[in-house]
Amino acid sequence: MVSSVVAEETLKQVMERLVGKLEERPADDEKDQLMERLEMAQIKLQAALDTSRRWHIRDASLLRWRKKLKLVAKECDDKLLELQQRAAEDEAREHEVRGSSFPRRLAHAAKSLISSVFSGRDDGQDSTTAAVRRFEWLADGAGEFLRFVELGGTPRQYTFVDPLIGHLLAGKELRYRIFRRNVYHLFCVRPISLDDRGVEAKLLFLYEDDDAPEKNLCLGSILRLSESTDVVGTIIKCLELLVTPHFKPTAESARRELLQLPTQDFSWVPYVESSHKEHWNTMHSNLSQWFRPNPLCCEPHDQPKPSYSSGSSSSGTSSKTIRLSSVADLEPVIKLFLQRHISLSEYNMHRTRAVEGEGSCLKDVPHLRLGLLFCPHGVAEDLAPAIQSSATEVIDGVAQSGVHTNISLEQLDEFMLPKAIDCLHWKAEAAAYQMSWMSRHGMAFLQVEKTGLRTKLPPRHTRGVGNRRSAIRQRRDPKLERWIQVVIDFLNLWVAQAPPRLQGWIVEWVRKASEMQLALPAN
């Protein structure tokens, strides 16, 4: 009896090892190598095109050569995206099989083995290898193209369209701050140079009216910079194109205030090395990877992305398309954050009849805070082929059951606010109602929070405050520090929605940022 049990266990272990061997896919390593080779070809093509824009080209044959390279770069982008999507789908299927029963795993492994034996290799592998070799050959020829450009072209002498861009590309930080008649303005633009992404900038604009806090707004953005970038103009165009109905008045206010900023009063200071700089640059680099995984997407050689097709959501409503102009208008924008406040009278207008009556959990909340983070180049990693976009309800960072599919950002904005107010009205423990929206190209996070709209910062620990701390206190800006806290709170609530590879970093960054906030002196 014992021997039969031992024999059975031994046979099971042998079969497990056999299935494990069958599940090992040497072809996967080959696919990864092909994607790496294709990505390198893509980089070479894009580098050649970017460099050629710095030259005046008049020779007809060189102009035709550059046009051909643009088409090839577009084909290469599409092929790389196709391979990445196919690899993600294969990985999802393999993950599902590994978690299934042993007989199903055995059947799947045997089927894969038989298929590879009779076909010789995976379907489409030969054509993929041929395509990669073609792109590599053309990418190598791009270097020859640049040599001809240097011989027959004339270097462009850049005259910056935007007077701000020259200072930013030189590594200087823009600062403007004024407090007059109880109205506070803050405008900061800080450049950062990233090895694999070029020069980007963090932009922050704050407007606060102590006499009318419902007018307060916060605008933040990350932009890619080049010699031709119009920093303020790009932000204004993005606001005009992308703002949803509930943010339209706030966007118009932000546009008006930005256009009235006195550029002659701007200060320019070096962005010096420090632990503070390293801390914030780390955040910028990782958020940039999250919000724009492919830094080469939507380059000028790309065609405009198609509008999101209409369809039905799981809630039974039809989806509308997002009204965007061309991708070129949004290409430099990595993310746009806009926040406004909703007064008691305004959010009562959005309450449904179901929540009328006593027992509201909002009776002691004078304002709600409404935020939108839009990332035009974000990518959903797990959408099914038939789904163009999806939206998930989240409460205090925890995803809820049920997903809305093929839904536009505009439509989501329309029904999200009433649902959020209903939720926060009845749930005393809920502090934030959120919606994450993902599409094949573009993502957004909408959020409604309870807030007391404090005019002062919360108390902080003040151990050992001496003369040095007193000097520091004089340079502190409570309103700016409140914005820093908003960033920390936002990342805390959305960390679960970030790619798994970045979640650990976000948790660690939030911990360090919170420690830095606590270390500040009280105001």
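Relevant structure appears above.
My aim in this report is to walk through the structure given alongside it, one point at a time. Every value quoted in this text rests on a predicted model; they were computed, and no experiment measured them.

## Side note on the overall build of the protein
Now for step 1: For the protein, the count of helices and strands is 15 helices and 13 strands.
Now for step 2: Taking all 523 residues of the protein together, 46% fall into the buried category.
Now for step 3: Considering only contacts in the protein between residues 6 or more positions apart, those separated by 24 or more positions represent 75%.

## Thoughts on unusual backbone geometry
Now for step 1: Of note in the backbone geometry, R181 takes a positive phi value of approximately 50° without being a glycine.
Now for step 2: R181 gets classed as exposed once you look at its relative accessible area, which sits at 72%.
Now for step 3: Within the chain, N406 stands out as a residue other than glycine whose phi angle is a positive 50°.
Now for step 4: Within the secondary structure, N406 sits in the loop between strand 11 (398–405) and helix 12 (409–426).

## Observations concerning the pairing of strand 11
Remember that side chains alternate between the two faces of the sheet whenever the strand is regular.
Now for step 1: In this sheet, strand 11 lies alongside strand 10 (residues 389–395) in antiparallel orientation, the contact comprising 5 bridges. Bridge assignment links A391 to a residue of strand 11, and that residue is H404.
Now for step 2: Joining the antiparallel neighbours strand 10 and strand 11 is a turn of 2 residues, in which D396 adopts a positive phi near 50°.

## Focus on the pairing of strand 13 (residues 443–451)
Now for step 1: With 9 of 9 residues buried, strand 13 lies mostly within the body of the structure.
Now for step 2: Judged by which residues are buried, strand 13 turns out to be covered on both faces: M443, F445, Q447, E449 and T451 on one side and A444, L446, V448 and K450 on the other are all buried.
Now for step 3: Pairing analysis gives 9 bridges linking strand 9 (residues 367–375) to strand 13, with the strands arranged antiparallel. By the bridge assignment for strand 13, H367 is matched with T451.
Now for step 4: Direction of pairing for strand 12 (residues 432–439) relative to strand 13: antiparallel, over a ladder of 7 bridges. Opposite M435, over in strand 13, you have L446 as the bridge partner.
Now for step 5: Where strand 12 folds back onto strand 13 in an antiparallel hairpin, the turn is made up of 3 residues, including G442, whose phi is positive at roughly 130°.

## Observations concerning the sheet that holds strand 4 (residues 183–194)
Now for step 1: Pairing within the open sheet is antiparallel, and its 11 strands lie in the order 7-3-4-5-6-8-9-13-12-10-11. At either margin of the open sheet sits one strand with a lone partner, and together these are strand 7 (267–270) and strand 11. Geometrically, the sheet is characterised by an average inter-axis angle of 15° between neighbouring strands, direction not taken into account.
Now for step 2: Seen against the sheet, helix 12 touches strand 8 (333–343), strand 9, strand 10, strand 11, strand 12 and strand 13 and runs at an angle of roughly 160° to strand 12.

Criteria and cut-off values
- Residues numbered from 1 in each chain as written.
- Predicted model: local features only at pLDDT ≥ 70, side-chain atom pairs only at ≥ 80, totals over all residues.
- Heavy atoms only, no water.
- Helix = DSSP H or I, 4+ residues; strand = E, 2+ residues; numbered from the N terminus.
- Buried < 20%, exposed > 50% of the residue type's maximum accessible area, 1.4 Å probe, protein only.
- Contact = heavy atoms within 4.5 Å.
- Pairing = 2+ DSSP bridges.
- Axes fitted to C-alpha atoms, helices over the stretch in contact; angles between N-to-C directions.

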